[in-house]
Amino acid sequence: MSLAGKKNNIATRSQKNSTSSMSNNENEVWKCNICKNSFTENTDKIVQCEYCSECFCSKCLSLSKNEYDTFKNPSLHWFCPNCEEKVMKNLKSDREIEVRCAEFMQKMECRLVNLETEMKSKVNTEQVNDIVKSLIGTCGTGNEAVSVDIEKSVEMKLSEIRDSSSRENIIIHGVKESTEKLPSDRKEADKHFFSELLEYLHADIIGDQHFNGQKHASVLSELKCVYTNADSFINKFDEFKTRFINEESDPDIIIITEVLPKNSRYRILKAELSIDGYDIFPENFPTNSVRGIIIYVKQELQAVEIDIKHEFKEYVCLKINLVNNDKLLVGCIYKSPSSSEEQHKALNDLLVKISKLEDSYSHVLLTGDFNFPDINWETWSAKDNISTNFLECIRDCYYQQMVDKPTRYRINQEPSLLDLILVNDKNFIQNIEYQDPIGHSDHNVLVLTLNVI
C-alpha cells in the first residue's frame, strides 16, 4: 500500500481500497519499520503492509521508481515479509475448508437424490388417494371443511420443506438419541457429540465458539495470558483471584514466578493455590526449586507438560494444541540475580534446546524474570559478557523480545526491565498491557493478548 502526497492527486486515507495510495496529513509522521527513520514530506516514498500496517521506505525495500509507482494500482495487495507467510497460510486454510465443504455438500446432495428416488419408488399414489378419501368419508357432513384442513396441512408442510431447503442446514443421520431422562442432560449430550464430531472431521472453526459451555483451543482465534513475578504468591493469592478470576478478565493462561517466600517456614501445598477450572503445572508442584514457578491453564485447553530434562533449575514448559494442527509451546523461566556462571550457561543451553525440540511448534511463548538489568533492549546491547552471551543466544534461536517498558519499580532504585516475553513471531503478540503489581510486589502484571491463528 503506497503512501503518496496530495501533490500527486492520489487517493486519501479515507478510501477503502486495500492497496490504494494515501495522502499525508500535515502533521502526520510515518516511521520505517526497518531503518526506523521518520518521514513527513509529501514526496517521501513509503509502502505500508496491508496486514500489520507497518510502514517501510522504498530505500530499505530496494524499490525503483517504476516499482514504487505500481503500488498506486488499487487492485494490488502487498504484505511485508513477516506477514506474507501468515497471510498465505490463512488463504490456503480457507481454500481447504472451501474444498472440504464442497465435497461434503456434493455427497449430501447425492444422498438426498437417491433417497428421493427410493421414496418415490415405494409410494403408491392410488393407495394414498384412497386413504385420504376414506378419511374424508368418515367425517360425514364436514367433508368440505376436512378437505380444506387437509389442504392447509399439506401446504404448511410443503412451505416448511421449501423454507428448510432455502437455509444452509446440515442434517446428520444415524445419530443415536440420548437416553438421559432430563432435557438439559440430553442437550448437553448432543453438544458433546457435536464437539467430538467436529474434532473428528478436523473442522477449523475460527471465533469465540463454545461447546458444553466452554471455550476450546481448537476454535479460538486468541488467548489471554496473565504474567507476573509475585514475590511470594500465597499472601497475594486472594487479591489476585479478585482482580483476574472473573468474567471481565477471564485469562486462559496464568504464569507466576517467585511463588514461594524467600524464607518459608512450612511447605506450601498445591491445593492451597488451586483455582477452579484450571490445571496447575508443574504437576509435582512444589518442586525443589528455590523460588518456584506455577502455570495455570484452563482445563478445556488440555495443556500437557513437556519433560525437557535439563540441568537448569527453575523452568516449566507446556504444549497446547491449536487450530490447523498448530501447537503452542508455553514456557516460564526464572533466573536468580545471584546465578552462577554455570547457571547462565545452562540457561542459554536450555533456550537452544527448546528451539530445537522435535515436536514442531508454530507458536512459542517464553516468559519469566530473567534478571538482566544491564541489557538495553532498544539497542540489544549489554555491559558484561554474560548478558551479551544471552543476547547472542536469543538471536541464534530466532526469538524476539516483546517487552519495551520497565517491569520492576523499587524505591530509590532506577526502574529496570527484568521480565521478558520471548516469541518466535512478533505478530503472535497482539497486545501487552502493563498493570499495577499485586500486593507489595515490585513487578508489574503483564496481560498478553495472543493471536493464535
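Rules behind the numbers
Residues numbered from 1 in each chain as written. Predicted model: local features only at pLDDT ≥ 70, side-chain atom pairs only at ≥ 80, totals over all residues. Heavy atoms only, no water. Helix = DSSP H or I, 4+ residues; strand = E, 2+ residues; numbered from the N terminus. Polar contact = N/O pair within 3.5 Å; in protein donor to acceptor, adjacent residues only side chain to side chain. Contact = heavy atoms within 4.5 Å. Pairing = 2+ DSSP bridges. Axes fitted to C-alpha atoms, helices over the stretch in contact; angles between N-to-C directions. Core = buried A, V, L, I, M, F, W, Y, C linked by side-chain atoms within 4.5 Å. Buried < 20%, exposed > 50% of the residue type's maximum accessible area, 1.4 Å probe, protein only. Expected span 1.5 Å × (residues − 1). Arc of directions from axis to C-beta. pLDDT = per-residue confidence, 0-100. Phe/Tyr/Trp six-rings, centres within 6.5 Å; stacked < 30°, edge-to-face > 60°. Lys NZ or Arg CZ within 6 Å of the ring centre and 35° of its normal. Salt bridge = Lys/Arg side-chain N within 4 Å of Asp/Glu carboxyl O.

- If you look the protein up in an unreviewed UniProt entry, it shows as Endonuclease/exonuclease/phosphatase domain-containing protein from Mytilus edulis.

### A word on the side chain of H310
Alright, step 1. Its location among the elements puts H310 in the loop between β12 (304–305) and β13 (315–321).
Alright, step 2. Looking at H310, its side chain comes within polar contact range of the side chain of D349, at 2.5 Å.
Alright, step 3. For H310, the side chain forms a polar contact with the main-chain nitrogen of L350, separated by 3.5 Å.
Alright, step 4. Beyond its immediate sequence surroundings of up to four residues, H310 is in contact with Y315, A346, D349, L350 and K353.

### Digging into the sheet that holds strand β11 (residues 293–298)
Neighbouring strands of a sheet are bound in pairs by backbone hydrogen bonds; such pairs are parallel or else antiparallel.
Alright, step 1. Taken in spatial order, the 6 strands of this open sheet run β10-β11-β9-β8-β19-β18, and their pairing is mixed. Looking along the sheet, the strands with just one partner apiece sit at the ends: β10 (278–281) and β18 (429–435). Here the average twist between neighbouring strands, direction ignored, is 15°.
Alright, step 2. Here strand β8 (residues 222–229) pairs with strand β19 (residues 445–451) via 6 bridges, running antiparallel. Its bridge partner lying in β19, E222 is registered against N451.

### Here we look at the sheet that holds strand β14 (residues 327–334)
Alright, step 1. The strand order across the open sheet formed by 6 strands is β12-β13-β14-β15-β17-β16, and the pairing between neighbours is mixed. Each edge of the open sheet is held by one strand with a lone partner, namely β12 and β16 (400–401).
Alright, step 2. Two strands pair when backbone bridges link them, and β14 and strand β15 (residues 363–369) are joined in this way by 7 bridges, in the parallel orientation. Bridge pairing links Y334 to D369 in β15.

### With respect to the nonpolar core
Alright, step 1. Counting 58 residues, the largest nonpolar core has I253, I295, L365 and F390 as its most contacted members.
Alright, step 2. Looking at this core, the element that brings in the most residues is β14, giving 6 residues.
Alright, step 3. A230, I254, I280 and V447 belong to the second largest nonpolar core, which has 21 residues in total.

### What about helix α8 (residues 385–396)?
Alright, step 1. For α8, built from 12 residues, the straight-helix expectation of 16 Å at 1.5 Å per residue is met to within 8% by its first-to-last C-alpha distance of 16 Å.
Alright, step 2. Within the sequence span of α8, burial applies to S387, F390, L391, C393 and I394. Down the axis of α8, the buried set is contained in an arc of 160°. They therefore lie on one face. With respect to the buried face of α8, the exposed residues turned more than 90 degrees away are N385 and D396.

### A look at the confidence of the model for the protein
Alright, step 1. Model confidence for the protein is summarised by a mean pLDDT of 80, while 76% of its residues fall at 70 or above.
Alright, step 2. The spread of mean pLDDT over the elements of the protein runs between strand β1 (residues 2–3), the lowest at 44, and strand β17 (residues 419–423), the highest at 96.
Alright, step 3. Counting contacts from residues 204–214, a segment whose pLDDT is below 50, to residues more than four positions away or on other chains yields 29 contacts.

### Focus on the packing of aromatic side chains
Alright, step 1. Tallied over the entire structure, the rule returns 8 aromatic pairs.
Alright, step 2. Taking the centre distance of 5.8 Å and the plane angle of 75° together, the rings of F56 and W78 count as edge-to-face. Remark: W78 occurs in the loop between α1 (65–70) and α2 (81–122) and F56 occurs in strand β5 (residues 55–57); sequence separation between them is 22 residues.
Alright, step 3. By relative accessible area, which is 5% here, F56 ends up buried.
Alright, step 4. Judged by relative accessible area, W78 falls into the buried class, the value being 16%.
Alright, step 5. Here the aromatic residues F233, F237, F240 and F244 are joined through ring pairs into a cluster of three or more.
Alright, step 6. Lying across the ring of F372, K335 places its NZ or CZ 4.5 Å from the centre.

### With respect to helix α7 (residues 341–355)
Alright, step 1. With 15 residues, α7 should reach 21 Å at 1.5 Å per residue; the first-to-last C-alpha distance of 22 Å fits that figure.
Alright, step 2. Residues of α7 that are buried: Q343, H344, A346, L347, N348, L350, L351 and I354.
Alright, step 3. Contacts from the buried residues of α7 go to β13, β14, β15, α8 and β17.

### Quick look at unusual backbone geometry
Alright, step 1. Along the chain, F281 connects to P282 via a cis peptide bond; the corresponding omega equals 0°.
Alright, step 2. For P282, the location among the structural elements is in the loop between β10 and β11.
Alright, step 3. Of note, the phi angle at S53 is positive, near 70°, even though the residue is not glycine.
Alright, step 4. By secondary structure assignment, the location of S53 is in the loop between β4 (46–48) and β5.
Alright, step 5. Overall, S53 belongs to the partly exposed group, its relative accessible area being 43%.

### Re the side chain of S387
Alright, step 1. The residue S387 is located in helix α8 in this model.
Alright, step 2. Residue classification places S387 among the buried residues on the basis of a relative accessible area of 2%.
Alright, step 3. In this structure S387 touches F372, D374, I375 and A382, once residues within four positions along its chain are discounted.

### Comments concerning the environment of R408
Alright, step 1. Counting through the fold element by element, R408 comes out in the loop between β16 and β17.
Alright, step 2. Overall, the relative accessible area of 13% leaves R408 in the buried class.
Alright, step 3. A polar side-chain atom of R408 sits 3.3 Å from a polar atom in the side chain of Q413.

### Focus: the pattern of salt bridges
Alright, step 1. Summed over all chains, the structure comprises 10 salt bridges.
Alright, step 2. K298 is the salt-bridge partner of D250, the closest N and O atoms lying 2.4 Å from each other. Here D250, found in the loop between α6 (237–244) and β9 (253–257), pairs with K298, found in strand β11; they are 48 residues apart in sequence, far enough to count as distant.
Alright, step 3. Overall, the relative accessible area of 9% leaves K298 in the buried class.
Alright, step 4. The shortest N-O distance in the salt bridge between R395 and E392 comes to 3.1 Å. Of this pair, R395 and E392 both sit in helix α8, 3 residues apart, roughly one helical turn.
Alright, step 5. You can call E392 partly exposed: its relative accessible area is 37%.
Alright, step 6. Within this structure, R408, R410 and D442 form a network of salt bridges that share partners.

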